[in-house]
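Single-letter residue listing:
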Amino acid sequence: MKPIAIALTGASGMPYALTLLKELVKTQDKIYVMISAAANTVIAMETDLKLGADTNAIEKNLSQYLGAKEGQIEVFSKNQWTAPVASGSNPPRALVVCPCTMSTLSAIAHGHADNLMHRAADVVIKEQKKLILVPRETPYSAIHLENMLKLSRLGVVIMDANPAFYQNPNCIQDLVNFVVARILDHLDVKHNLAPPWQG
């Protein structure tokens, strides 16, 4: 089975991204990861994880933090155009951008593939694979909403980082788990984060 790719941009919401990665480590043989410089900064602000500055350090520190097996996580830099995710002949089976900034969403909506993250999204769209964007912004402007509508019409899943409360959450992690559970549902990845609604 082809890998799932995860892209982290500089929006707030890194607990969503790290919880998603922790769950994928449990079930996936290979995970591709792209982390922007801004995302690296936000991770240090919102979590206890310090990734380091270069790709090798990020891969090592992220793998240790998540308890991943050696080689299970492969990290690509923004200009690593030889990465598998850059080619339509070898796309990941899905790409999740979590959290997704409005600038990243705009670049994807308009085909501005000026870094590997944007190119990977472009590849996933053109190869008709699953693309999930998890925007973390409020309020949305008309520009944001128009870009989301454009992408939704192309089959992109726009999954707002918007937890529900009907499950009676006891802590912040419960709210995080709710959103990540919905992402995993759309990836067809089994999990035990949140029970399905029973009525």
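To be clear, the structure that these remarks concern was listed above.
Residues numbered from 1 in each chain as written. Predicted model: local features only at pLDDT ≥ 70, side-chain atom pairs only at ≥ 80, totals over all residues. Heavy atoms only, no water.

Engineer: Looking at this model, I keep getting lost on the sheet that holds strand E3 (residues 73-76). Mind explaining?
Structural biologist: In a beta sheet, neighbouring strands are held together by backbone hydrogen bonds and run either parallel or antiparallel to one another. Overall, parallel pairing links the six strands, which are arranged E3-E2-E1-E4-E5-E6 in an open sheet. The open sheet terminates on both sides in strands that have one partner only, identified here as E3 and strand E6 (157-158). Examined bridge by bridge, strand E1 (residues 4-8) and strand E2 (residues 31-35) share five bridges and lie parallel to one another. Its bridge partner being in E2, Ile6 is matched across the sheet by Val33. (Pairing = 2+ DSSP bridges. Helix = DSSP H or I, 4+ residues; strand = E, 2+ residues; numbered from the N terminus.)

Engineer: What is the right way to look at the pattern of salt bridges in this model?
Structural biologist: Note that side chains of opposite charge can pair when their charged atoms are close. Scanning the model with the defined rule gives five salt bridges in all. Put simply, Lys30 and Glu74 hold a salt bridge, and the shortest N to O gap is 3.3 Å. In this pair, Lys30 sits in the loop between helix H1 (14-27) and E2 while Glu74 sits in strand E3, placing the two residues 44 residues apart along the sequence. Assessed through its relative accessible area of 27%, Lys30 is described here as partly exposed. Residue Arg182 pairs with Asp185 through a salt bridge whose shortest N-O separation is 3.2 Å. With Arg182 and Asp185 both in helix H7 (residues 172-187) and three residues apart, the pair spans about one turn of that helix. Its relative accessible area of 37% is what places Arg182 among the partly exposed residues. Asp185 gets classed as partly exposed once you look at its relative accessible area, which sits at 37%. (Salt bridge = Lys/Arg side-chain N within 4 Å of Asp/Glu carboxyl O. Buried < 20%, exposed > 50% of the residue type's maximum accessible area, 1.4 Å probe, protein only.)

Engineer: Could you clarify how one ought to interpret the packing of aromatic side chains in this entry?
Structural biologist: Each aromatic ring pair is characterised by the separation of its centres together with the angle its planes make. On inspection of all chains with the given rule, the structure shows three aromatic pairs. On the basis of an interplanar angle of 85° and a centroid distance of 5.8 Å, the ring pair of Tyr166 and Phe178 is categorised as edge-to-face. Note that Tyr166 is positioned in the loop between E6 and H7 and Phe178 in helix H7, a separation of 12 residues in sequence. Look at Tyr166 and you get partly exposed, because its relative accessible area is 47%. Between the aromatic rings of Tyr166 and Trp197, the centroid separation amounts to 4.8 Å while the plane-to-plane angle is 65°, which identifies the pairing as edge-to-face. Residue Tyr166 is located in the loop between E6 and H7, and its partner Trp197 is located in the segment after H7; the two are separated by 31 residues in the primary sequence. With relative accessibility at 61%, the residue Trp197 sits in the exposed group. Here the aromatic cluster, defined as three or more aromatic residues joined through ring pairs, consists of Tyr166, Phe178 and Trp197. (Phe/Tyr/Trp six-rings, centres within 6.5 Å; stacked < 30°, edge-to-face > 60°.)

Engineer: Can you help me understand the environment of Gln72 in this one?
Structural biologist: Along the chain, Gln72 falls in the loop between helix H3 (55-66) and E3. Sequence separation of Gln72 and Tyr32 is 40 residues, and the distance between their C-alpha atoms is 8.6 Å. Not counting residues up to four positions away in its chain, the partners in contact with Gln72 are Leu24, Val25, Gln28, Asp29, Lys30 and Ile31. A polar side-chain atom of Gln72 sits 2.7 Å from the main-chain carbonyl oxygen of Gln28. At 2.9 Å, the side chain of Gln72 forms a polar contact with the backbone nitrogen of Lys69. (Contact = heavy atoms within 4.5 Å. Polar contact = N/O pair within 3.5 Å; in protein donor to acceptor, adjacent residues only side chain to side chain.)

Engineer: I tried to follow the layout of surface pockets on my own but got confused; where do I start?
Structural biologist: Rolled over the atoms, a probe sized like a water molecule indicates the empty space that remains. In this structure, the largest pocket encloses a volume near 400 Å³. Ile35, Ser36, Ala37, Ala38 and Lys78 are, among the 22 residues lining the largest pocket, the residues nearest its centre. Residues that form the lining of the largest pocket fall into these classes: nine nonpolar, 11 polar and two charged. In this model, the second largest pocket occupies a volume close to 250 Å³. Lining the second largest pocket, in full, are Tyr166, Gln167, Phe178, Ala181, Arg182, Asp185, His191, Ala194, Pro195, Pro196, Trp197 and Gln198. (1 Å grid on protein atoms, 1.4 Å probe; cavity = no way out; pocket = protein on both sides within 12 Å on 5 of 7 lines; lining within 4 Å. Points joined across faces, edges and corners; volume = space filled by probe spheres on them. Nonpolar A, V, L, I, M, F, W, Y, C, P; charged D, E, K, R; others polar.)

Engineer: I keep staring at the environment of Glu74 and nothing clicks. Help me out?
Structural biologist: Glu74 gets classed as partly exposed once you look at its relative accessible area, which sits at 26%. Distance from Glu74 to Lys130, taken between C-alpha atoms, is 20 Å for residues 56 residues apart in sequence. The contact partners of Glu74, leaving out residues within four places of it in the chain, are Lys30, Ile31, Tyr32, Val33 and Glu59. Here Lys30 takes part through its side chain, which lies 3.3 Å from a polar atom of the side chain of Glu74.

Everything listed here is a matter of coordinates, which is why it stays silent on function.
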